[in-house]
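Here is how the chains run, residue by residue.
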Amino acid sequence: MAGGRRRRHHFSRIHAFTCGRASMREEHSLIGGPGFSRKVYCNDPERAMESLLSYGDNYVRTTKYTLATFIPKSLFEQFRRVANFYFLVCAVLSFFPVSPYSGVSNVVPLLVVVAATMVKEFIEDFRRKQQDIEMNNRKVKVHRGDGVFDISKWRDLKVGDVVRVEKDEFFPADLILLASNYDDAICYVETMNLDGETNLKLKQALEGSSMLQEDSNYQNFRAVITCEDPNANLYTFVGSLDLEDQQYPLAPQQLLLRDSKLRNTDFIYGVVIFTGHDTKVMQNATDPPSKRSKIEKRMDKIIYCLFVVLILISFIGSIFFGLMTDDDLENGRMKRWYLRPDNTEIYYDPNSPVVAAILHFLTALMLYGYLIPISLYVSIEIVKVLQSIFINQDVHMYYAETDKPAHARTSNLNEELGQVDTILSDKTGTLTCNSMEFIKCSIAGVAYGRGATEVERALSRRQETPFSQEFKERISESKPSIKGFNFKDERIMNGNWAKEPNANVIQNFLRLLAVCHTAIPEIDEETGKVSYEAESPDEAAFVIAARELGFEFYERTHTTISLRELDPMSGNKIERSYKLLNILEFSSARKRMSVIVRDEEGKLLLLSKGADSVMFERIAKNGREFEEYTKQHISEYADSGLRTLILAYRELNEEEYNQFNKEFTEAKNLVSADQEQIVERIIQSIEKDLILLGATAVEDKLQDGVPECIDKLAQAGIKLWVLTGDKMETAINIGFACSLLRQGMKQIIISSDTPETKSLEKMEDKSAAEVIAIACCINFDGTLLIFQAIKSSVIRQLREAKTLLTTSDENFEALALIIDGKSLTYALEDDVKDSFLELAIGCASVICCRSSPKQKALVTRLVKMRTGSTTLAIGDGANDVGMLQEADIGIGISGVEGMQAVMSSDIAIAQFRYLERLLLVHGHWCYRRISSMICYFFYKNIAFGFTLFFFELYASFSGQAAYNDWFLSLYNVFFTSLPVIALGVFDQDVSSKHCLRFPLLYQEGIQNILFSWKRIIGWALNGVVTSAIIFFFCIRTMEHQAFRKGGQVVGLEVLGATMYTCVVWVVNCQMALSISYFTYIQHIFIWGSIIFWYIFLLAYGAIDPSFSTTAYKVFIEALAPAPSFWFITLLILIASLLPYFVYASIQMRFFPMYHQMIQWIRKDGQTSDPEYCDMVRQRSIRHTTVGTTARLEASKRLEASKRLEISVHSSASKRIELSNFAASKRSEGNSEDR
Amino acid sequence: MASSSAAGAGSTDPTAARRNNTKRPKYSKFTQQELPACKPILTPRAVISAFLLVSVVFVPIGVAALIASRKVVEIVYRYESKCIPPNVTDKVAYIQSSADKTCKFSLHVEKHMKSPIYVYYQLDNFYQNHRRYVKSRSDEQLRDPGEEDSTSACKPEDTANGKAIVPCGLIAWSLFNDTYSFSRDNHNLTVNKKGISWKSDREHKFGKNVFPKNFQNSSIKGGASLNESIPLSEQEDLIVWMRTAALPTFRKLYGKIEVDLNEGDSINVTLQNKYNTYSFNGRKKLVLSTTSWLGGKNDFLGIAYLTVGGLCFFLALAFTIVYFVKPRQLGDPTYLSWNRNPGGH
């Protein structure tokens, strides 16, 4: 069909390294054996049914339950919880005579609670179901026979079907690529959904099938694929294709994975080999580790404590009950004859008091079960879901640019957000926005580029010094108009470079930028503008820079790279193309990449760019003309946080090249274990004697608001560790940029690049790359020496640093620890890690550079396990996944690096700076809400449960409940639950504005002040006191005398209803007293609960006595007309609240907690009084050691000491400074005033 | 709420972006947690006012309650040992015997007692709230003549001689059976036994056409017998008894004397001491009492009100003094003592 439009390119050689390896491997011999038994008959409708039976269709189900399994499975999940199981047992037992109450009344609340949770599960699962339906009903073109392709749903695909996938569509199943619109049957695949990598991957079909480029070709296409069984390994695949009696080996190169996307390719044909759950992506789908917050863990402990109390009081009760029962029958004489102890059931049998006591124990366990809040778990779950909705809905955490709001993926950890002690942050994409801007360069020893870097900008913002008006101008004018390009220098822009002294070097430099890369141009057909698809943002920045400076790369074929170059002579653009001969790819070990091209004049050029550490040693003696200046520039660039690369080239002669090419091709096709080393060696042989051109500096831009956010977090007492894969210099620079480091801070650098280790390494195999040396140390005894030497060196450095730590403690000097990945390997070993951690904790900021994903996770684990404090990991890339899953909370940045981090995170935000609001506002609130809520829950249940116990004291521990059965069972469900939920969802101690203005407030969470055992026990005691007041006041006021004018006395039902009324009042009013934020919702819930109790009492009392039993008309006939009932309620209400109220007012007045001080400030209207606020804000014993504030203070201290030294006081400048200070405060106050 | 939760969940869904142009959360005061709210804090002024308010309300109530309680005239006579002939050693045997247990004594009226005067009997150490006891009744049977046989809860007082007992159960079986009669100056004081029970009990819980049957016919006789010709709804002694007491010491209404008793009157009481409280060492008391608007004589409510009111007044005073003597100072570092021991360091 599209024959005319088809581009006939051979791309294979661009990716020489990856493509050339599809040889028959050993693994292929396994085919047909166990684990490799799948046989796929391609395009064979006769066998389609067979394949459907044996391999299933392409239907994918991600739901937890099916319609059939929902009820049993979700019930099972529920009753796995100890508390729920206990209630289930109680419910079952309540149908037996041991029960103190009727069975039905006890089952109802359990049913309500279980049903509520099940509804929640159902809704969640239903959403997944809808996603499944959407996914399963996507359309794809399937071969229906006779070369006709028809649209079909994904779910109907069968193994063996041939499908046609168009550009930008997702692959519906795992496919074997047969052909594409390209002649060499390649296609580009975006695997962002799988591994988070944004760069395109190249896939190529086998030659045997590459010509099947038309629908009609498939009319008679038959093939048999034998391959491995479904497995989770994304990067391996073994199989073979039998096509026309010829066998071809299949490799991952031919495998197209479900959920990846076809890009830059018009269409492909593929045959389905894995469907549905057999696909690799589905095999990989595992649930992230479920995390529980510390508060919840402590809550479990409290529940266990309550169980202990429950058992204890039941036990006491049983003993007394046993004794009393034993007493009832003495020598055949009944004591309490009215109980007929002579003729009784086993439960009350005085002849076997032990059995009676044991059975009574069961009764008591059920009766006092009200100590354990049945609705706690479900309430907390509801609250947390609502809290996450609030987090999701926060407009202040919505990032308009990418259209992403914050997204709490799990609601389990909301309160944990309020307790974070250490943040472990990735750098790239998290602190920085992973957008590279070409900002400076050094060509031929001359530095070009006047753009201001973020670091310079941050510094100038902070310093507020009048220094360089010109600098400020530069800042204001430096708004990059082109993404990735922020370069300003008229000397070389607009073609002016031709007038520079070293014009030819500049020409070569720019040409190298335009040629030496692996980017792919995309031409917008309307505007003709070229944009680039590159593997890394650096590379894109280079190509863009080259384009902007006059070397526009616009076309790439398998053999040529075409540029539009500015001709210095004519000033016109001329098209030139370079024959691409070889690409020597970039790898992290090589740290450089090169291309070998032949230009139009036939010259052979090796163009190379790479890190300074590897490039300088490859420069020829005669190529070092600008070395000195370049080095100087590089160090300047690095200081301001820029990424630098060295550009160099050399001309090759034909002979040399031919020799190289021959060896290189041979080596690539070599099948041997050390093939890679051989290739490496051959490449090294040609990448030498280079001529230095210059260096580039690319800025890794900090995200908006990062320094400010870090400052706030530091003020809140949160420690920030940066774990980055970047090199030390870059990491340090970023550290400076975000004020984690500053001048005057003592830097402890632990590095394996110390002179001694270097010399050791030199002694051994100098040529071996460092990493290899470490990796191979097991193999060679010689290098084992290095291994130990480095380790001992690391230990020594740690020891030295620690002495520094102790001495600096005295002079309050902040320390910064910077450690590189290699040293980290040793520092994380079991015998060293404790001292490492001790050092790290003592330091104000910690930066780990060059750390691998695994090391990131290990460091996170170390901090989490050893300090026991809450860790939060934040990152955006696939390399942060381990760290995110390891930390107590994983925050994913939904940035440009794909979804991998987000998918394994607990909460996703769009920008690092939202962390401030997430932690300081939402975290603090959620922590406070959940902890208050749990405390309150225990309070209310203890207050209720103990009245039951006290009553038993007066009922000879017989297990008679003081209240009507339904009062009992509805206590937790109706009369007290909604206010608690309102507390958990809406309560605010201070407004979000104040949370942010007084970051120190966050310490309440870190130090766990609101959920300390002291506080929990305090609430429990308050509950006991309340219940004691309620019970004893009730029985004393309603003794044996008449309780109303009619002379009627108090019966069990009257006492019960009165006491219950008191409990409902007290518990709800206690809530009203302890919350500090009343919206109409709180009013409705609190007062509504009380009113509802009366309504219930009325309604229930009006029902036929056979159902309402003791509650029949108790309110309308007995209670309501009796003034004493109302007076007793009032008395008990006030008396029960009095202890708490007195405590709270004394505490508020004399020992206010931090949030209460802020409340004072707000109340007193002193938010506009800067000194007042400042006093509160600064009243921290903890020293803020990092962040811009600390930096400012440090610089002030420094200045002060300097001034002291010179002993010159410029009063004028001081006045200015003071007035500035006051002004800034005033403005702060004003903004608050609003 | 519903819409917000849908939007919140929608953000997971890649298709949501296509459907709506933006995922920007909708601004509302509710979702941004900025609802207008009252944020009370315990300022000294609020605390002092609260204490004062409580004391202002409580003290008068306490005084009124105390006055009401003091106005009630109560005559309590404990008789369980006085009504046993002094020569009897085995009280239980005595009380179970069929001997004449009439007991006479006189009560002195110390203060004018305005009618109605309520007559109570007070038992002690009697666990009417025992679980076995409380459950041992059949409400169906009491209400409905057709439900005569629903006696499953009544064991062992469910059947006698193979027939269901009406009313069944331990409560009915142990019905109090001491009787009192009163005379003043040789004139009988009639004790009105009507209207001593709850109206709802008479009308809805005890059937008008349910008659006692087979009652007190089992091997051991419990308490009182019932007149089989009177329906349960009119057996008010039973109805009162069957409202089980909450505490082991309780009074039950026996009847009402509907004439005033004057100061100095001497009331002669003739008492049939039949009820066995001796096996469990229970005391028995006869109580004559008037009532006030708050009920019977009990000072506790008044005292408690006065105590709480007084305490609040004292606290208000104390807070006021502190307020004036030592005004609150913000920024006093001692307030921040919690921050001294930074955790994790």
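If you're wondering where the values come from, they're calculated on a predicted model, not measured in any experiment. (Residues numbered from 1 in each chain as written. Chains lettered and ligands numbered in written order. Predicted model: local features only at pLDDT ≥ 70, side-chain atom pairs only at ≥ 80, totals over all residues. Heavy atoms only, no water.)

Novice: I'm lost on the overall build of chain A in this one. Help?
Specialist: Counting secondary structure elements, chain A contains 43 helices and 35 strands. Put simply, chain A has 1234 residues, and 60% of those count as buried. By sequence separation, contacts in chain A at least 24 residues apart represent 73% of the contacts at least 6 residues apart. (Helix = DSSP H or I, 4+ residues; strand = E, 2+ residues; numbered from the N terminus. Buried < 20%, exposed > 50% of the residue type's maximum accessible area, 1.4 Å probe, protein only. Contact = heavy atoms within 4.5 Å.)

Novice: Explain the sheet that holds strand S9 (residues 239-243) of chain A to me, please; I cannot follow it from the model alone.
Specialist: Sheets are built from strands that pair by backbone hydrogen bonding, the pairs being arranged parallel or antiparallel. Residues and elements named next belong to chain A. Pairing in this open sheet of four strands is antiparallel, and the strands run S1-S8-S9-S10 from one edge to the other. Bordering the open sheet on either side are strand S1 (38-42) and strand S10 (246-250), each of which pairs with just one other strand. Across the sheet, the axes of successive neighbouring strands diverge by a mean angle of 20°, strand direction being ignored. As judged from the five bridges shared by strand S8 (residues 223-227) and S9, these two strands associate in the antiparallel manner. If you follow Ile225 over to S9, its bridge partner there is Leu241. (Pairing = 2+ DSSP bridges. Axes fitted to C-alpha atoms, helices over the stretch in contact; angles between N-to-C directions.)

Novice: For this particular structure, what's the right way to read the pattern of salt bridges?
Specialist: A side chain with one charge can pair with a side chain of the opposite charge if their charged atoms come near. Taken as a whole and judged by the stated rule, the model has 54 salt bridges over all chains. A salt bridge links A:Asp989 to A:Arg928; the nearest nitrogen and oxygen atoms lie 3.9 Å apart. A residue pair is termed long-range when its members are at least 10 positions apart, and A:Asp989 in the loop between helix H31 (977-986) and helix H32 (992-997) and A:Arg928 in helix H29 (residues 914-953) qualify at 61 residues. One exposure class covers both A:Asp989 and A:Arg928, and it is buried. In this structure, the salt-bridge partner of A:Glu1053 is B:Arg243, at a minimum N-O distance of 2.6 Å. Remark: B:Arg243 occurs in the loop between helix H9 (236-242) and strand S9 (250-257) and A:Glu1053 occurs in helix H35 (residues 1052-1074); the pair is interchain, linking two chains. A residue is classified by how much of its surface remains accessible, and A:Glu1053, at 10% relative accessible area, is buried. Among the charged side chains, a salt-bridge network with shared partners connects A:Arg511, A:Glu565, A:Arg576, A:Glu600 and A:Glu601. (Salt bridge = Lys/Arg side-chain N within 4 Å of Asp/Glu carboxyl O.)

Novice: Before we go on, may I ask you to explain the domain arrangement of chain B in this structure?
Specialist: A common way to express how large an interface is: the accessible area buried when the components associate. Residues and elements named next belong to chain B. Each domain of chain B was delimited in the assignment, giving domain 1 (40-72 + 296-345) and domain 2 (73-290). Put simply, the middle of domain 1 and the middle of domain 2, counted by C-alpha atoms, are 46 Å apart. Counting from both sides, the interface comprises five residues of domain 1 and, opposite them, five residues of domain 2. Here domain 1 and domain 2 share an interface that buries about 320 Å² over both sides, 45% of which is from carbon and sulfur atoms. (Domains from an automatic or database assignment. Buried area = accessible area lost by both parts, 1.4 Å probe.)

Novice: When you look at the environment of A:Gly484 in this model, what are you seeing that I'm missing?
Specialist: Residues and elements named next belong to chain A. If you trace the backbone, Gly484 turns up in the loop between helix H12 (469-477) and helix H13 (503-515). Through-space distance from the C-alpha of Gly484 to that of Val698 is 8.9 Å; in sequence the pair is 214 residues apart. Excluding its chain neighbours within four sequence positions, the residues that come into contact with Gly484 are Met436, Glu437, Phe438 and Ala541.

Novice: Got a minute to help me understand the interface of chain B and chain A in this structure?
Specialist: Tallying the contact residues gives 117 residues for chain B and 125 residues for chain A. For the chain B and chain A pair, buried surface summed over both sides reaches about 11100 Å², with 63% attributable to carbon and sulfur atoms. Applying the counting criterion to the chain B and chain A interface returns five salt bridges. Put simply, A:Asp1104 and B:Arg143 hold a salt bridge, and the shortest N to O gap is 3.2 Å. Applying the counting rule to chain B against chain A returns 36 residue pairs in polar contact (both at pLDDT 80 or more). Among the secondary structure elements, those contributing two or more residues to the side of chain B that touches chain A are helix H1 (2-10), helix H3 (44-71), strand S3 (117-123), helix H5 (131-135), helix H7 (170-173), helix H8 (199-205), S9 and helix H10 (300-325) of chain B. Here the side of chain B that touches chain A gets 10 residues from one element, more than from any other, and that element is H10(B). Partitioned by chemical class, the residues of the side of chain B that touches chain A number 59 nonpolar, 37 polar and 21 charged. (Polar contact = N/O pair within 3.5 Å; in protein donor to acceptor, adjacent residues only side chain to side chain. Nonpolar A, V, L, I, M, F, W, Y, C, P; charged D, E, K, R; others polar.)

Novice: What's the story with the packing of helix H4 (residues 82-93) of chain A against helix H5 (residues 103-136) of chain A in this structure? I'm lost.
Specialist: Residues and elements named next belong to chain A. Contact geometry of H4 with H5 gives a least axis separation of 8 Å together with a crossing angle of 150°. One finds that H4 runs roughly antiparallel with respect to H5. When the axes of H4 and H5 are compared, the crossing they make is left-handed. Only Asn106, Val107 and Leu110 of H5 make contact with H4, whose side of the interface consists of Phe87, Leu88, Cys90 and Ala91. The residue inventory of the contact of H4 with H5, partitioned by class, reads six nonpolar, one polar and no charged. (Parallel < 35°, antiparallel > 145°, perpendicular 65-115°, else oblique. Left-handed = near helix turned anticlockwise from the far one by under 90°.)

Novice: Sorry if this is basic, but what is going on with the UniProt feature "transmembrane region" (unreviewed entry) in chain B here?
Specialist: All names here are of chain B. What UniProt calls "transmembrane region" (unreviewed entry) maps, in this numbering, to residues 46-68 and 303-325. For residues 46-68, the helix share is 100%, the strand share is 0%, and the end-to-end C-alpha distance is 33 Å. The span residues 303-325 shows a helical share of 100% and a strand share of 0%, and its end C-alpha atoms are spaced 32 Å apart. (UniProt positions renumbered as here; feature names shortened; annotations may be inferred.)

Novice: For this particular structure, what's the right way to read H13(A)?
Specialist: Along an α-helix, residues three or four positions apart point the same way, because every turn accommodates 3.6 residues. All names here are of chain A. Taking 1.5 Å as the rise per residue, H13 with 13 residues should run 18 Å; its terminal C-alpha atoms sit 18 Å apart, in good agreement. The buried fraction of H13 is high, at 11 of 13 residues. Taken together, the buried positions of H13 are Ala503, Val505, Ile506, Gln507, Phe509, Leu510, Arg511, Leu512, Leu513, Ala514 and Val515. (Expected span 1.5 Å × (residues − 1).)

Novice: Please explain the sheet that holds strand S3 (residues 149-153) of chain A as it appears in this structure.
Specialist: Residue and element names in this part refer to chain A. Read across the sheet, six strands follow the order S3-S2-S4-S13-S5-S11 without closing on themselves; strand pairing throughout is antiparallel. Two strands close off the open sheet at either side, each with one partner strand: S3 and strand S11 (255-256). Taken together, the six bridges between strand S5 (residues 174-180) and strand S13 (residues 267-274) define a ladder with antiparallel strand orientation. In the sheet register, Leu175 faces S13, and the bridge partner there is Val272.

Novice: What's the story with the packing of aromatic side chains in this structure? I'm lost.
Specialist: Any pair of aromatic rings gets described here by the distance separating the centres and the angle formed by the planes. Within this structure, the stated rule accounts for 93 aromatic pairs over all chains. Seen from their ring centres, A:Tyr936 and A:Trp1019 are 6.5 Å apart, and the 75° between their planes marks the pair as edge-to-face. Within this pair, whereas A:Tyr936 is found in helix H29, its partner A:Trp1019 is found in helix H34 (residues 1013-1037), the two being separated by 83 residues in sequence. The same class applies to A:Tyr936 and to A:Trp1019, which are both buried. Geometrically, the ring pair formed by A:Phe949 and A:Phe950 is tilted, given 6.2 Å between the ring centres and 50° between the ring planes. Accessibility classification places A:Phe949 together with A:Phe950 in one group, the buried group. The aromatic ring of A:Trp154 is capped on one face by A:Arg138, whose charged end is 5.0 Å from the ring centroid. The ring of B:Tyr254 carries B:Lys193 above its face, with NZ or CZ at 3.3 Å from the centroid. (Phe/Tyr/Trp six-rings, centres within 6.5 Å; stacked < 30°, edge-to-face > 60°. Lys NZ or Arg CZ within 6 Å of the ring centre and 35° of its normal.)

Novice: What should I look at first to understand the pairing of S3(B) in this one?
Specialist: Sheet faces and side chains relate simply in a regular strand, where the side chains alternate between the two faces. Residues and elements named next belong to chain B. Among the seven residues of S3, seven are classified as buried, and the element is accordingly described as predominantly covered. Here S3 shows no split at all, with Ile117, Val119, Tyr121 and Leu123 on one side and Tyr118, Tyr120 and Gln122 on the other all buried. Two strands pair when backbone bridges link them, and S3 and S9 are joined in this way by seven bridges, in the antiparallel orientation. Within the sheet, the bridge partner assigned to Tyr121 lies in S9 and is Lys252. Of the pairings in the sheet, the one linking S3 to strand S11 (residues 284-289) comprises six bridges and is antiparallel in character. Across the sheet, Gln122 pairs through a bridge with Lys285, a residue of S11.

Novice: Help me out: how do you make sense of the state of the cysteines in this one?
Specialist: Here a disulfide denotes a covalent bond joining the sulfur atom of one cysteine to the sulfur atom of another. All names here are of chain B. This model, assessed by the stated rule, comprises two disulfides over all chains. The side chain of Cys83 participates in a disulfide bridge whose partner is Cys103; the two sulfur atoms lie 1.9 Å from each other. Its S-S torsion of about -70° marks the bond between Cys83 and Cys103 as left-handed, since a negative value means left-handed. Placement of the pair is Cys83 in the loop between strand S1 (74-78) and helix H4 (91-96) and Cys103 in strand S2 (residues 102-108), with a sequence separation of 20 residues. (Disulfide = S-S within 2.5 Å.)

Novice: Any chance you could explain the confidence of the model for chain A here in plain terms?
Specialist: Any region with low pLDDT has predicted coordinates that should not be read closely. All names here are of chain A. Within chain A, residue pLDDT values average 79, and 82% of them lie at 70 or more. A low-confidence stretch, residues 761-784 (pLDDT under 50), is modelled with 19 contacts involving residues beyond four sequence positions or located in other chains. Across residues 1207-1234, where pLDDT falls below 50, the model places 14 contacts with residues more than four positions away in sequence or in other chains. (pLDDT = per-residue confidence, 0-100.)

Novice: Which parts of the structure should I look at to understand unusual backbone geometry?
Specialist: If a residue is not glycine, its phi is most likely negative; likewise, a peptide bond is most likely trans. All names here are of chain B. Between Lys155 and the following residue, Pro156, the backbone shows a cis peptide bond with an omega angle of 0°. Within the fold, Pro156 resides in the loop between helix H6 (139-143) and strand S4 (159-160). Here the residue pair Val166 and Pro167 is connected by a cis peptide bond, since its omega of -15° sits within 30 degrees of zero. Following the sequence through the fold, Pro167 ends up in the loop between strand S5 (163-164) and H7. For Asn161, which is not a glycine, the phi torsion comes out positive at approximately 55°. The exposed category is assigned to Asn161, whose relative accessible area is 65%. Phi at Asn214 takes a positive value of approximately 60°, unusual for a residue other than glycine. Inspection of the secondary structure assignment puts Asn214 in the loop between H8 and H9.

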